[in-house]
Amino acid sequence: MKTLRLILGDQLSHNISSLSQAQKGEDIVFMCEVMREATYVKHHKKKIVFLFSAMRHFAQELKQNGHQVVYTQLDDPNNAGSFKGELKRQIKEHNIDKIVVTQPGEHRVLED
């Protein structure tokens, strides 16, 4: 069974529940920068840069710790622009059977 573990930008912790039973080298840890999240309300540009930088550094830490990480950057030409679109793309590309995610802190993200 191929498992994808979604980590959101406000969940950058090695102790998060979605990573607790991750099988290093087997499960895919997925993180993505999406336009919908960067623009749903007006944010200061430096805040967005800081968030994406923190996400990229965390993804690198996970890789260094032996996790298989798939990371979609905002400027990726195949970026679907939303969590839902990116998840659909990853499910198709990696033949995912199961998704594990820690409950999002925002209701609109949970709905998506």
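Here is a short report on the structure shown in this document. (Residues numbered from 1 in each chain as written. Predicted model: local features only at pLDDT ≥ 70, side-chain atom pairs only at ≥ 80, totals over all residues. Heavy atoms only, no water.)

Section: the pattern of salt bridges
Turning to step 1, where the next piece is worked out: This model, assessed by the stated rule, comprises four salt bridges.
Turning to step 2, where the next piece is worked out: Notably, a salt bridge pairs Glu-33 with Arg-56, separated by 2.7 Å at the nearest N-O pair. Of this pair, Glu-33 sits in the loop between strand S2 (28–32) and helix H1 (35–39) while Arg-56 is found in helix H2 (residues 45–64), placing the two residues 23 residues apart along the sequence.
Turning to step 3, where the next piece is worked out: In this structure, the salt-bridge partner of Glu-86 is Arg-89, at a minimum N-O distance of 2.8 Å. A residue pair is termed a helical-turn pair when its members lie 3 or 4 positions apart in one helix, as Glu-86 and Arg-89 do in helix H3 (residues 83–94) at three residues. (Salt bridge = Lys/Arg side-chain N within 4 Å of Asp/Glu carboxyl O. Helix = DSSP H or I, 4+ residues; strand = E, 2+ residues; numbered from the N terminus.)

Remarks on the nonpolar core
Turning to step 1, where the next piece is worked out: Ranked by size, the top nonpolar core spans 13 residues in total, and within it Ile-7, Leu-19, Met-31 and Leu-62 carry the most contacts.
Turning to step 2, where the next piece is worked out: Elements represented by at least two residues in this core include exactly S2, H2 and strand S3 (68–72).
Turning to step 3, where the next piece is worked out: Excluding its chain neighbours within four sequence positions, the residues that come into contact with Leu-19 are Ile-7, Ser-13, His-14, Val-29, Phe-58 and Leu-62.
Turning to step 4, where the next piece is worked out: Among the nonpolar cores identified, the runner-up in size contains 11 residues, and Leu-8, Cys-32, Val-70 and Phe-83 belong to it. (Core = buried A, V, L, I, M, F, W, Y, C linked by side-chain atoms within 4.5 Å. Buried < 20%, exposed > 50% of the residue type's maximum accessible area, 1.4 Å probe, protein only. Contact = heavy atoms within 4.5 Å.)

Taken by themselves, the reported measurements are silent on function.
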